[in-house]
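Reading the structure
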Amino acid sequence: MIILKKFYITTAIDYVNAKPHLGHAYEKICADIIARWKRLEGFDVFFLTGTDENAQKNKQAAEKAGIPVRKFVDQNANFFIEMCKVLNISYDEFIRTTEERHIKVSQQIFQKIFDKGDIYKGKYEGLYCTGCEAFKTEKDLVNGRCPEHKEKPKFISEESYFFKLSKYKAYILDLIKNKGLIFPKSKENEILQRLNEEELKDLCVSRNSLEWGINVPFDKTHTIYVWMDALVNYISAIGYTNDPKFKKYWPADMHIIGKGINWFHTVIWPAILKSADIEPPKLVPIHGYITINGKKISKSLGNVIDPVELVKKYPADTIRYYLAKVVPYIDDGDFSEKSLKERINGELVSDLGNLVNRVLTLSDKFSGKIEGTPELDKKLDFQKIQKKMDKLELHHALEEIWQFVRECNKYVNEKEPWKLEGKELSHVLYNLLEALRVTSILIHPFIPTTSEKINQQLGTKLGTFKDLKFKEFKGKPKKGELLFEKVQ
Ligand code: ME8
């Protein structure tokens, strides 16, 4: 029996205080591309996503909407599930932190850390930003407001439980400096600088003034601090502690998150895990933000784009392609409908759509046996693409794949197969059909529906990276509908 190497990938779990926006979609798409890529590499992948439901900001939004909290979070969680569906996100599990299985594990971890002597009772006096669901100091603010949410944090003074985060400083530094926990380097430096400049203080991990949240197991007058509960989703979803899934997949190979929540994942989370005697995640790759026409996505600016609505206008694959191509994983990148249309008409319609259409038109007219010797394969450098993927340069990997697509179009132009017949035509068609079969594998992680459509037209099945070599063409090609429609 062959045992495949495991690969456990997660995304952040989204707050359900509103419907999803394009930033949420971007993160899920990137994680999906990586998950699908790893599956084609032959890994046994487990891909987790979900929603963060016990936050105060969810409760406040429900009150504002005049809807009971549970009903409100149920409604909004469904929008996130819907977003994953329409964008073809191939998750294996979707966790909601109001589920019993999650509540149980959150309480179990809290108890375990308490029993170890790492949680003690004290009093918290200071600032709290509900937007970030985080405790703040004056130093974190700009003109007295949270720079991320532009809100003035609230002063709170209440009895709280504290986690001995300070105790784990050396452990965290070792993970970051010697085990390469954070990617990219710039985001690693951010954390190292903060650890260097600031004293690492113990963390307030409970609130005693909230009605919405998970109760501290041994003190029902307190709820667990929402970040302490949210982070636990990565282990509760795979059945900590006894489920074979936990034994098989933990530690996570990648926690995919955005740049605003680096500290929680690379300082607080590893410390919680260490205290609970659980291995740390292997890598936290941090992505940038999507901006819209150069502006941060925000409700007050009125520039929130609903990905589910966007898919009604442009097919999911075009959005997946566009976001992966124009936003470099580690940087911010801008979305505009104008440039989306340009990419659809240029790269998708003219390059790929056109190639498939030309090749299938030719092969429909050809009734002989398709055979030849490989030559177009010399234009494909898979190792180069793989290296880009390993560095999470999804946009560069996609560019390399498109380079191959363009080479195939060039090949058609040079060979002028419409002037050929017999063996010569068969040879050219063989190369083009094999090139399309191989292309369908390479593009699958990025634009899975298109990959499927190409395979349908070729009469082949989607292969894996083991099938990238040109071999005997075994399909039954038949031209189908155009892959992409031109947009105005
Ligand atoms: O932070 N572009 O939830 P969230 C790209 N519940 N990514 C963006 C973005 C943008 N414009 N805006 C947000 C939370 N994100 C917590 C996570 S995990 C245990 C708990 C990313 O709904 C953001 O950085 O505010 C995060 O990774 C994810 O979307 C969810 O953000």
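This report concerns the structure included in the present document. Note that this is a predicted model, so its numbers are computed, not measured. Residue numbers here run from 1 along each chain, matching the order of that chain's written sequence. Selection of residues for local features in this predicted model requires a pLDDT of at least 70, selection of side-chain atom pairs for listing and counting requires 80 or more, and totals for whole chains, interfaces and linings are taken over all residues. Hydrogens and waters are ignored; side-chain quantities use all the structure's heavy atoms.

1. What to know about the site of the ligand
Throughout, the term near means that a residue has one or more heavy atoms lying within 4 Å of the molecule or strand in question. What surrounds the ligand is a group of 23 residues, the closest being Ile13, Glu27, Asp52, Gly258 and Ile290. In this structure, Gly23 approaches the ligand through a main-chain N or O atom, which is 3.4 Å from a nitrogen atom. Contacts described as polar in this section are N or O atom pairs within 3.5 Å, which, within protein, must combine one atom able to donate a hydrogen with one able to accept it, while residues neighboring in sequence count only if both atoms come from side chains. Measuring from an oxygen atom of the ligand, one finds a side-chain N or O atom of Glu27 at 2.5 Å. Residue-level accessible areas treat just the shown protein chains as cover; the underlying method is Shrake-Rupley with a 1.4 Å probe. For the ligand, whose unbound accessible area comes to 660 Å², protein coverage reaches 91%. Broken down by secondary-structure element, the contributors of at least two residues to the shell around the ligand are β2 (14-15), α1 (22-41), α7 (226-231), α8 (233-236) and β13 (254-258). Following the grouping adopted for this structure description, the nonpolar residues are Ala, Val, Leu, Ile, Met, Phe, Trp, Tyr, Cys and Pro, the charged ones are Asp, Glu, Lys and Arg, and the polar ones are all others, Gly among them. For the shell around the ligand, the class distribution of residues is 12 nonpolar, 8 polar and 3 charged. Starting at the N terminus, helices and strands are each numbered in turn, a helix being any DSSP run of H or I of at least four residues and a strand any DSSP run of E of at least two.

2. Examining the nonpolar core
We define the nonpolar core as a collection of buried residues of types Ala, Val, Leu, Ile, Met, Phe, Trp, Tyr and Cys that are connected through side-chain atoms lying within 4.5 Å of one another. Exposure categories follow from relative accessible area, calculated using a 1.4 Å probe and restricted to protein chains: below 20% of the type maximum is buried, above 50% is exposed, and the middle band is partly exposed. Formed by 100 residues in total, the largest nonpolar core has its most connected members in Ile9, Phe335, Leu352, Trp402, Leu442 and Phe446. In this structure Leu352 touches Glu347, Trp402, Val405, Thr439, Ile443, Ile447, Thr450, Ile454, Leu483 and Phe484, once residues within four positions along its chain are discounted. Among the nonpolar cores identified, the runner-up in size contains 72 residues, and Leu48, Tyr171, Leu203 and Trp227 belong to it. The contact criterion used is simple: two residues touch if any of their non-hydrogen atoms lie within 4.5 Å.

3. As for the state of the cysteines
When two cysteine sulfur atoms lie within 2.5 Å, the pair is treated as a disulfide. Counted according to the given criterion, the structure contains 0 disulfides. Here Cys30 is not cross-linked by a disulfide; its sulfur's nearest cysteine counterpart is in Cys84, at 13 Å. Owing to a relative accessible area of 1%, Cys30 belongs among the buried residues under this scheme. Of all cysteine sulfurs in the structure, the one in Cys132 sits closest to Cys146, which takes part in no disulfide; the separation is 3.7 Å.

4. Some words on helix α6 (residues 185-197)
Note on helix geometry: an α-helix contains 3.6 residues per turn, so any two residues three or four positions apart are oriented the same way. Here, expected helix span is obtained from the residue count minus one, scaled by 1.5 Å. Between its terminal C-alpha atoms α6 stretches 18 Å, which fits the 18 Å expected from 13 residues at 1.5 Å a residue. Within the span of α6, buried status applies to Lys187, Glu188, Ile191, Leu192 and Leu195. Down the axis of α6, the buried set is contained in an arc of 135°. They therefore lie on one face. More than 90 degrees from the buried face of α6, the exposed residues found are Lys185, Asn196 and Glu197. For α6, the elements touching its buried residues are α5 (169-178), β8 (182-183), α10 (262-275) and β14 (284-287). Directions are taken from the helix axis to each C-beta atom, and the arc is the one they span.

5. Details of the sheet that holds strand β7 (residues 154-163)
At least two bridges found by DSSP between two strands is the condition for calling them paired. On the basis of which strands lie adjacent, the open sheet formed by 4 strands has the order β6-β5-β7-β9 and antiparallel pairing. The sheet is open, and its two borders are formed by β6 (134-136) and β9 (203-204), each paired with just one other strand. Bridge analysis of strand β5 (residues 119-129) against β6 gives 3 bridges, and the strand direction is antiparallel. Counted as the bridge partner of Cys129 is Ala134 from β6.

6. Let's talk about the packing of aromatic side chains
Stacked, tilted and edge-to-face pairs are distinguished by plane angle, under 30 degrees for stacked and over 60 for edge-to-face with tilted covering the rest, among Phe, Tyr and Trp rings (Trp via its six-membered ring) whose centres lie within 6.5 Å. Applying the stated criterion across every chain yields a total of 26 aromatic pairs. With 6.1 Å between their ring centres and 20° between their planes, Trp37 and Phe382 make a pair best called stacked. Placement of Trp37 in helix α1 and of Phe382 in helix α14 (residues 382-390) is noted, with a sequence separation of 345 residues between them. This pair shows no difference in class: Trp37 is buried, exactly as Phe382 is.

Read these as spatial facts, not as claims about activity.
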